[in-house]
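# Structural overview
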Amino acid sequence: MSHYVDGYVLPIRKKNLSAYRRMAQQACKIWREYGALDYKECAGDDLKVKWGVTFPRQLKLKPGETVVFSWIVFKSRAHRDRVNAQVMKNPRIAALCDPAAMPFDAQRMLVGGFKVLVGF
């Protein structure tokens, strides 16, 4: 069976990384409770590469910002849809998703669902 992945790339002020980590740790617990197979949140480290379109360029990073690259793994797209529906009904997620309290610029976030082509 092939897995399904929701992917996220978002700009964040470096000074907000600790707040984002706390939020992501809570979100991770909730997604895992409802059946997500894996959940990763990664902060940009080596973003000045010499080829391709870099994340900073694509996101039009401002001074003092970095990139968070995240993904959640599910059994299938149908499984993803079921898990996400349950997660979005959870009041803990509603509290985390208050736009006034977001530690990142959600309007610049890149999001998508992906079929796994290769994996182990």
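Structure first, text after, so check above.
Here the structure is a predicted model, which means the values were calculated and not measured.

### Details of the overall build of the protein chain
- Per the secondary structure count, the protein chain includes 4 helices and 4 strands.
- Starting at the N terminus, the α and β elements of the protein chain follow one another as β-α-β-α-β-α-α-β.
- The C-alpha radius of gyration computed for the protein chain amounts to 15 Å, which stays within 12% of the reference 14 Å derived for 120 residues, consistent with globular compactness.
- Projected onto its principal axes, the C-alpha positions of the protein chain cover 40 × 35 × 20 Å.

### Points about the nonpolar core
- Ranked by size, the top nonpolar core spans 19 residues in total, and within it Tyr20, Trp31, Ile72 and Ile93 carry the most contacts.
- Put simply, the parts of the chain that give this core at least two residues each are strand S1 (4-13), helix H1 (17-33), strand S3 (65-74), helix H3 (77-89) and helix H4 (91-96).
- Broken down by element, this core gets its largest block of residues, 6 residues, from H1.
- Residue contacts for Tyr20: discarding those within four places in its chain leaves Leu10, Ile12, Glu41, Val68, Ser70, Pro103 and Phe104.

### Some thoughts on H3
- Over its 13 residues, H3 extends 19 Å from the first C-alpha to the last, a length consistent with the 18 Å expected when each residue adds 1.5 Å.
- Three or more residues of H3 are buried, namely His79, Arg80, Val83, Asn84 and Val87. Here the buried residues of H3 occupy an arc of 125° about the axis, which is enough to place them on one side. Turned more than 90 degrees away from the buried face of H3, the exposed residues are Arg82, Met88 and Lys89.
- Along its buried surface, H3 packs onto S1, H1, S3, H4 and strand S4 (110-115).

### Overview of unusual backbone geometry
- The backbone phi angle of Lys60 is positive, close to 50°, even though this residue is not glycine.
- The topology assignment puts Lys60 in the loop between helix H2 (55-59) and S3.
- We classify Lys60 as exposed; its relative accessible area is 64%.

### Quick word on the side chain of His79
- With respect to the helices and strands, the residue His79 is situated in helix H3.
- A polar side-chain atom of His79 sits 3.4 Å from the main-chain carbonyl oxygen of Gly35.
- Within the local environment of His79, its side chain forms a polar contact with the backbone nitrogen of Lys75, the two atoms lying 3.0 Å apart.

Conventions adopted
- Residues numbered from 1 in each chain as written.
- Predicted model: local features only at pLDDT ≥ 70, side-chain atom pairs only at ≥ 80, totals over all residues.
- Heavy atoms only, no water.
- Helix = DSSP H or I, 4+ residues; strand = E, 2+ residues; numbered from the N terminus.
- Rg over C-alpha atoms; globule rule 2.2 N^0.38 Å.
- Core = buried A, V, L, I, M, F, W, Y, C linked by side-chain atoms within 4.5 Å.
- Buried < 20%, exposed > 50% of the residue type's maximum accessible area, 1.4 Å probe, protein only.
- Contact = heavy atoms within 4.5 Å.
- Expected span 1.5 Å × (residues − 1).
- Arc of directions from axis to C-beta.
- Polar contact = N/O pair within 3.5 Å; in protein donor to acceptor, adjacent residues only side chain to side chain.

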